[in-house]
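What the coordinates show
One-letter residues, chain by chain:
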Amino acid sequence: MAAISVAALTYSHNTTTPPSLVAVDLNLPKGSRTILIGANGAGKSTLLQILAGKRLVTAAGADIRIKDCDVFRNTPPGITFLGTEWAMNPVVRSDIVVSAFLDSVGGYRHKERRDRLLDILDIDLDWHMHQISDGERRRVQLCFGLMVEWDVLLLDEVTVDLDVLVRDELLTFLKNDSESRGSTILYATHIFDGLNDFPTHIAHMRFGSFVTQPSTWPITQESALAAQFPPATLLFKVALQWLKDDKAHREDLEKQGLKRTRGARRNETVPSDSETFYRKYDYTH
């Protein structure tokens, strides 16, 4: 039984925009730790939110399961999703002491695990949530989200605010937790330093589809990725090459008129409306 399985998933945020996910198929074994690699807008966050049950899929034929249970009709216990939007919530920016906040969400029921995370994340229980930095607030989020044991952990760029030391200790904790309990992690990130020894699998998304399905890591002579990279290639180099390939592919589509062109518009002969306006009222000269 796969920990996470997705079949024939196509998803659009609304009826006027192209799909964010197109014919996605995915199978992740229990106990795996998979890194999702892809450029901004590749569909990683949307996929994680759907797996967490935060976005409803109504398209016919799509089958989305965690622990062999339908995510929407029979949501299984043990799923934890941590994304970047939590720290922006006004509720967690109010004047509440961290110790009281953690107790209010059940921290007293998970004292041993909570205390271990407090040490790893270097949290001061006397912090006031409205006075601390974004990085410190992110630490509180991680303690809150991880103090209850999880079977499937969905992470969307949640280490972006952490300093190198805290991030390294957190990743070590997550790796050990996954190995000791056989729990599964799917992690979308753009930070690859210090991550080389973390995953069991890596995958590559582009324009809402998988270019490379989850493949075993590290790369060996027998692995599926050996056709693209030599054995023992660092994760950073793999991610960098894939992102370069993504950009080259997008630029080729732009030349064919199949994608909107990004970057400077050097060939325009007629000024834009904003340029015309600001030239008329430009008092800087």
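Structure: above.
Reading the values: the criteria
Residues numbered from 1 in each chain as written. Predicted model: local features only at pLDDT ≥ 70, side-chain atom pairs only at ≥ 80, totals over all residues. Heavy atoms only, no water. Pairing = 2+ DSSP bridges. Helix = DSSP H or I, 4+ residues; strand = E, 2+ residues; numbered from the N terminus. Contact = heavy atoms within 4.5 Å. Axes fitted to C-alpha atoms, helices over the stretch in contact; angles between N-to-C directions. 1 Å grid on protein atoms, 1.4 Å probe; cavity = no way out; pocket = protein on both sides within 12 Å on 5 of 7 lines; lining within 4 Å. Points joined across faces, edges and corners; volume = space filled by probe spheres on them. Nonpolar A, V, L, I, M, F, W, Y, C, P; charged D, E, K, R; others polar.

The subject of this paragraph is the sheet that holds strand S1 (residues 4-11). If you walk across this open sheet you meet the four strands as S2-S1-S4-S5, and the pairing is antiparallel. The open sheet has two edge strands, strand S2 (21-28) and strand S5 (69-70), and neither has a second partner. Judged from the five bridges that link them, S1 and S2 form a sheet pairing that is antiparallel. Its bridge partner being in S2, Tyr-11 is matched across the sheet by Leu-21. In the packing of helix H1 (residues 44-51) onto the sheet, contacts are made with S1, S2 and strand S4 (63-66), and the angle to S1 comes to roughly 120°.

What follows is about the layout of surface pockets. Approximately 370 Å³ is the volume found for the largest pocket. In terms of lining, the largest pocket is formed by 15 residues, of which the most central are Ala-39, Asn-40, Phe-207, Arg-250 and Arg-262. Among the elements that make up the lining of the largest pocket, the one with the highest residue count is helix H6 (residues 235-255) (five residues). Residues that form the lining of the largest pocket fall into these classes: four nonpolar, three polar and eight charged. Each pocket or cavity is described by its volume, and for the second largest pocket that value is around 180 Å³. Around the second largest pocket sit His-13, Pro-18, Pro-19, Ser-20, Gly-41, Ala-42, Gly-43, Thr-46, Phe-207, Gly-208 and Lys-259, which together line it.

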